[in-house]
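Fold and geometry: a report
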Amino acid sequence: MALGPARRPARPRPRLVADTRTVEAGWPRTATVRTTGWPPGAYLLRLDADHGHQRYVPLVVRSTGAAGRTVLMHAVTTWQAYNTWGGHSLYEGRDGAYATRSLAVSFDRPYDATGAEKFLVYERALVVLAERLGLPLAYTTSVDVHDDPGALRGATAVLSLGHDEYWTPQQRDHVTRARDGGTNLAFLGANACFRRVRLDAGPAGPLRTVTCYKTAYRDDPGFAVRRDPPTHDFRAPPAADPESSLTGVFYEGYPTDAPYVVHGADHWLFEGTGVRAGDAFPHLVGVEYDRVTPAAPTPAALQIVAHSPLVCRGRASHADSAYYTVPGGAGVFATGTMRWVEALMAGTRDNGRNHGLDRRTGAFVTRTTENLLRAFAAGPAAHHRPAPEPNTARVYGR
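Let me begin by describing the structure that accompanies this report. (Residues numbered from 1 in each chain as written. Predicted model: local features only at pLDDT ≥ 70, side-chain atom pairs only at ≥ 80, totals over all residues. Heavy atoms only, no water.)

With 12 residues, helix α5 (residues 169-180) should reach 16 Å at 1.5 Å per residue; the first-to-last C-alpha distance of 16 Å fits that figure. When we look at burial in α5, the residues that qualify are Q171, R172, H174, V175, T176, A178 and R179. Among the residues trailing α5, G182 stands out with phi positive, at a value near 110 degrees. (Helix = DSSP H or I, 4+ residues; strand = E, 2+ residues; numbered from the N terminus. Expected span 1.5 Å × (residues − 1). Buried < 20%, exposed > 50% of the residue type's maximum accessible area, 1.4 Å probe, protein only.)

What follows is the structure in structure tokens.
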């Protein structure tokens, strides 16, 4: 969509909020894009400068409701956590050090690099596949699920995409309630629902700031004064609530690069792929991974369908794909690897990261994902797909 040239007034220097090292652009508005009449979906707006420089602005046009639809839940809080525009993210400051990181990051600034790295790598390919299948879809974001208890009401499925690390307690509660009411869940990455955050106001309005003090949570006035939940890992005390009770898997490590090894070849997820037990797909496990951890809270009716040996920082372990169901009928699938959505592009010119994923891997992941999406779009999976065969004790020998 061509918007025409926009004037470029002098822009003030970004503001750095001293207490939290939060960068806010504070720029005046120079253009307005009206989305009236646009169908709900995930969009990329491209900004072209006179000298040829380009930058994307990712935009989600939200659906008015989720009933009867598969919901794509875009991980905008995670996008912002990693955004280093202005020199700071939730990981580092201008000097690259953890000690100078932001304790809160603002949506009131551009994204760094191309503007759309997280969306293009971890989300776009799944959007393309889901739309190609012609499923009834709905689009939302992590912020909208946080803000609206009814955002997922009546959904057939909710998809957490390739890198979905930062959740508020409210978002987690609303997703859990949807699951318990019969909405299927899929975690198509790794390290999902790992960091507990708070959404605070910013200069542009409410819910404009992602607050996560991490190891410095005791310094957070929200925790120390208002007694809000600590903004650190969900699994850590105080208020420990490991993500595995929702996802079925437990984040374990970074970095790794390993083959994905099929364990339950006869599972309905793998129909039509032709796989046998022990078949391996090089480089599909990485760069972060999850596993089923018997010592962590884990749903009882859970089946490990892929069990992939790996080494991470010199330690031997496994990554697991797992499937479980709940009494309300919902099925929950977790891939256990951050490269799943990337692998939908394997062997094509869109595979910009190129971890060595080949066309065979792309075909396997695509067919498995198609099986998942079609099954989950048909309603509570436990009502029309075989029940999981719990096997954690057998796989891990305990």
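Take helix α9 (residues 359-377) next. Between the first and last C-alpha of α9 there are 26 Å, a value that for 19 residues agrees with the 27 Å anticipated at 1.5 Å per step. G379 sits one or two residues past α9 and shows a positive phi near 110 degrees.

In this structure the tally under the stated criterion is 19 salt bridges. Of the charged contacts, one joins D180 and R179 as a salt bridge, the two residues approaching to 2.9 Å between their closest N and O atoms. Given the relative accessible area of 44%, D180 is considered partly exposed. A salt bridge links D220 to R198, with the nearest nitrogen and oxygen atoms 2.9 Å apart. A residue pair is termed long-range when its members are at least 10 positions apart, and D220 in the loop between β13 (205-211) and α6 (221-224) and R198 in strand β12 (residues 198-202) qualify at 22 residues. For R198, a relative accessible area of 14% translates into the label buried. Salt bridges linked by common partners bring R198, D200, D220, R226 and D228 together as one network. (Salt bridge = Lys/Arg side-chain N within 4 Å of Asp/Glu carboxyl O.)

Moving on, we get to the environment of E271. By the secondary structure assignment, E271 is in the loop between β14 (250-261) and β15 (280-291). Measuring from C-alpha to C-alpha, the distance between E271 and A97 comes to 47 Å, with 174 residues separating the pair along the chain. Setting aside anything within four residues of it in sequence, one finds E271 in contact with R367 and N371. (Contact = heavy atoms within 4.5 Å.)

To continue, consider unusual backbone geometry. Negative phi is the rule for most residues except glycine; trans is the rule for most peptide bonds. Cis peptide bonds are those with omega within 30 degrees of zero, and the linkage from P237 to P238 qualifies with -5 degrees. With respect to the helices, strands and loops of the structure, P238 is situated in the loop between α6 and α7 (244-247).

Turning next to the sheet that holds strand β5 (residues 70-74). Hydrogen bonds between backbone groups are what pair the strands of a sheet, and the pairing can be parallel or antiparallel. Spatially, 7 strands are ordered β7-β5-β8-β10-β18-β17-β16 in an open sheet, and the strand pairing comes out mixed. Each end of this open sheet is capped by a strand with a single partner; those strands are β7 (137-141) and β16 (302-312). Taking the axes of each pair of neighbouring strands and ignoring which way they run, one obtains an average angle of 15 degrees across the sheet. Judged from the 10 bridges that link them, β16 and strand β17 (residues 315-325) form a sheet pairing that is antiparallel. (Pairing = 2+ DSSP bridges. Axes fitted to C-alpha atoms, helices over the stretch in contact; angles between N-to-C directions.)

Before going further, it helps to examine the environment of A81. Residue position: A81 is located in helix α1 (residues 76-82). Spatially, the C-alpha atoms of A81 and G356 are 27 Å apart, while their sequence positions differ by 275 residues. Discounting chain neighbours no more than four positions away, the residues touching A81 are S89, L90, Y91, V105 and Y166.

Bringing the packing of aromatic side chains into the picture now. Using the criterion set out here, one finds 18 aromatic pairs in the structure. Aromatic side chains Y260 and W340 sit 5.7 Å apart centroid to centroid with 55 degrees between the ring planes, which places their arrangement in the tilted category. A residue pair is termed long-range when its members are at least 10 positions apart, and Y260 in strand β14 and W340 in helix α8 (residues 340-343) qualify at 80 residues. Accessibility classification places Y260 together with W340 in one group, the buried group. (Phe/Tyr/Trp six-rings, centres within 6.5 Å; stacked < 30°, edge-to-face > 60°.)

Moving on: the packing of helix α3 (residues 124-132) against α9. For the pair α3 and α9, interaxial distance at closest approach is 11 Å and the crossing angle is 60 degrees. As the angle between them shows, α3 and α9 are arranged oblique. Of the two possible hands of crossing, α3 and α9 adopt the one that is right-handed. Together, L126, L129, A130 and R132 of α3 and T366, T369, E370 and L373 of α9 make up the contact between the two elements. Across the contact of α3 with α9, the residue classes break down as 4 nonpolar, 2 polar and 2 charged. (Parallel < 35°, antiparallel > 145°, perpendicular 65-115°, else oblique. Left-handed = near helix turned anticlockwise from the far one by under 90°. Nonpolar A, V, L, I, M, F, W, Y, C, P; charged D, E, K, R; others polar.)

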